[in-house]
Amino acid sequence: MSDHLTVVDHPLVQHKLTIMRDKTTSTAKFRQLLREVSMLLAYEVTRRMEMTTQRIETPIQPMDAPIIAGRKLALVSILRAGNGLLDGILELVPSARVGFIGLYRDPETLQPVQYYCKLPSELDERLVIVVDPMLATGNSSAAAVDLLKQAGAQNIRFLCLLAAPEGVKRMKEAHPDVPIVTAALDERLNDHGYIVPGLGDAGDRMFGTK
Ligand code: URA
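Because the structure is a prediction, the values reported are computed rather than measured. For every chain, the first residue of the written sequence is number 1, and numbering continues from 1 along that sequence. With pLDDT at 70 or above as the cut-off, local features in this predicted model cover only qualifying residues; side-chain atom pairs require 80 or more to be listed or tallied, and sums for whole chains, interfaces and linings still use all residues. In computing side-chain values, all of the structure's heavy atoms are included and hydrogens and water are not.

### Overview of the site of the ligand
Put simply, a residue is near a molecule or strand once any heavy atom of it comes within 4 Å of that molecule or strand. As a matter of local geometry, the ligand sits amid Met134, Ala136, Gly193, Tyr194, Ile195, Gly200, Asp201 and Ala202. Nitrogen and oxygen atoms within 3.5 Å of one another constitute a polar contact, given that in protein one can donate a hydrogen and the other can accept it, and given that sequence-neighbouring residues count only through two side-chain atoms. With respect to the ligand, the backbone of Ala202 contributes an N or O atom lying 2.7 Å from an oxygen atom. Contact with the protein chains hides 82% of the accessible area of the ligand, taken as 240 Å² for the molecule alone. Residues of the shell around the ligand, tallied by class, amount to five nonpolar, two polar and one charged. Using a 1.4 Å probe, accessible areas were evaluated by the Shrake-Rupley method; residue-level cover was limited to the displayed protein chains. Residues are grouped as follows: Ala, Val, Leu, Ile, Met, Phe, Trp, Tyr, Cys and Pro are nonpolar; Asp, Glu, Lys and Arg are charged; every other residue, Gly included, is polar.

Structure follows, in structure tokens:
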């Protein structure tokens with residue numbers, strides 16, 4: 001645990017994650033748990049947002065009550081698996097703006113190439129939370145954050161379900177100003193770039209594809 005990496009070790013998160021990792025867990029159950037875990041992770045990643053006060057009247061007396069300051073936050077999903085984290089977070093933050101970044105890996109250079117990008121306006125004035133369930137090599141995450149910075153984002157956080165040490169290192173080198181929140185820091189990547197012990201292909205697990 002550091003300022004750059006927060007592992008949410010709450011018992012509810014860890015219990016649900018164990019069921020998600022189990023290969024016998026069905027697509028429907030996986031999806032339901034993903035929604036629940038993403039809500040719990042959203043609680044953590046939205047800590048320390050800028051606050052202000054608003055004058056209201058309770059039934060007893062007026063008060064200056066705390067509210068979140070500034071523009072609505074922006075969630076940015078890295079396609080396609082990032083979409084699995086959106087529903088749970090939007091339940092907690094229903095007014096969030098939502099953007100999408102699609103990247104594929106060029107088979108020759110192995111570098112991420114953008115094929116889709118649609119982002120909310122005024123990114124420079126928003127807290128931007130990038131969501132992708134698996135922080136594996138970190139290449140696509142770092143590329144997505146590059147893109148967001150080019151688009152003006154200045155206050156960026158990264159939310160994932162599982163992280164590999166390789167991905168955390170890559171992100172820390174490329175974007176030391178982007179804190180990462182995850183449910184677990186796993187052991188390593190295997191030769192195919194999968195997180196070990198991991199949970200397999202997150203997109204396939206949540207969408208029921210192979
Ligand atoms: N993407 C996945 O879906 N799973 C991994 O283990 C790594 C990257």
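### Digging into the sheet that holds strand β8 (residues 134-135)
DSSP bridges decide pairing: two strands pair if at least two such bridges lie between them. The way it works is that DSSP assigns letters per residue, a run of H or I at least four long becomes a helix, a run of E at least two long becomes a strand, and they are numbered from the N terminus. In spatial order, the strands read β8-β10-β12; together these three strands make up an open sheet with parallel pairing. Strands with a single pairing partner mark the edges of an open sheet, and in this sheet they are β8 and β12 (184-185). With two bridges joining them, strand β10 (residues 162-163) and β12 adopt parallel strand pairing. Paired with Leu162 across the strands is Ala184, a residue of β12.

### A look at the packing of helix α1 (residues 11-21) against helix α2 (residues 27-45)
Convention adopted: a line fitted to C-alpha atoms gives each axis, helices being fitted over their contacting stretch, and angles between N-to-C directions are expressed from 0 to 180 degrees. Across the interface, α1 lies against α2 with an axial gap of 10 Å and an inter-helix angle of 155°. Here α2 runs roughly antiparallel to α1, going by the angle between their axes. α1 and α2 meet at a crossing whose hand is left-handed. Here Leu12, Val13, Lys16, Ile19 and Met20 of α1 come into contact with α2, specifically with Phe30, Leu33, Leu34, Glu36, Val37, Leu40 and Leu41. Counted by class, the contact of α1 with α2 contains ten nonpolar, no polar and two charged residues. Orientation categories follow fixed angle ranges, with anything under 35 degrees roughly parallel, anything over 145 roughly antiparallel, 65 to 115 roughly perpendicular, and all other angles oblique. In this scheme the handedness of a crossing depends on how the near helix is turned from the far one: anticlockwise by less than a right angle means left-handed, clockwise means right-handed. Whether two residues are in contact is decided by their heavy atoms, any of which lying within 4.5 Å being enough.

### Description of the nonpolar core
Throughout this description, the term nonpolar core refers to a set of buried Ala, Val, Leu, Ile, Met, Phe, Trp, Tyr and Cys residues connected via side-chain atoms within 4.5 Å. Each residue gets one of three labels from its accessible area relative to the maximum for its type: buried under 20%, exposed over 50%, partly exposed in between, using a 1.4 Å probe on protein chains only. Formed by 37 residues in total, the largest nonpolar core has its most connected members in Leu41, Leu73, Ile89, Ile129, Leu159, Leu161 and Leu199. Within the residue set of this core, elements represented by two or more residues are α1, α2, α3 (83-92), β7 (127-131) and α6 (202-207). Here this core gets seven residues from one element, more than from any other, and that element is α2. Every residue in contact with Leu73, bar those within four places of it in the chain, is listed here: Thr46, Met49, Val93, Ala96, Arg97, Leu127 and Ile129. Val76, Ala144, Phe158 and Val178 belong to the second largest nonpolar core, which has 25 residues in total.

### A closer look at the packing of aromatic side chains
The rule is short: rings of Phe, Tyr and Trp, with Trp giving its six-membered ring, pair when the centres are within 6.5 Å, and they are stacked under 30 degrees, edge-to-face over 60, tilted in between. Summed over the entire model, instances satisfying the criterion amount to one aromatic pair. Seen from their ring centres, Tyr104 and Tyr115 are 6.4 Å apart, and the 35° between their planes marks the pair as tilted. Of this pair, Tyr104 sits in strand β5 (residues 97-105) while Tyr115 sits in strand β6 (residues 112-118), placing them eleven residues apart in sequence. Looking at Tyr104, the relative accessible area reads 41%, which means it is partly exposed.

The values are spatial; any link to function lies outside them.
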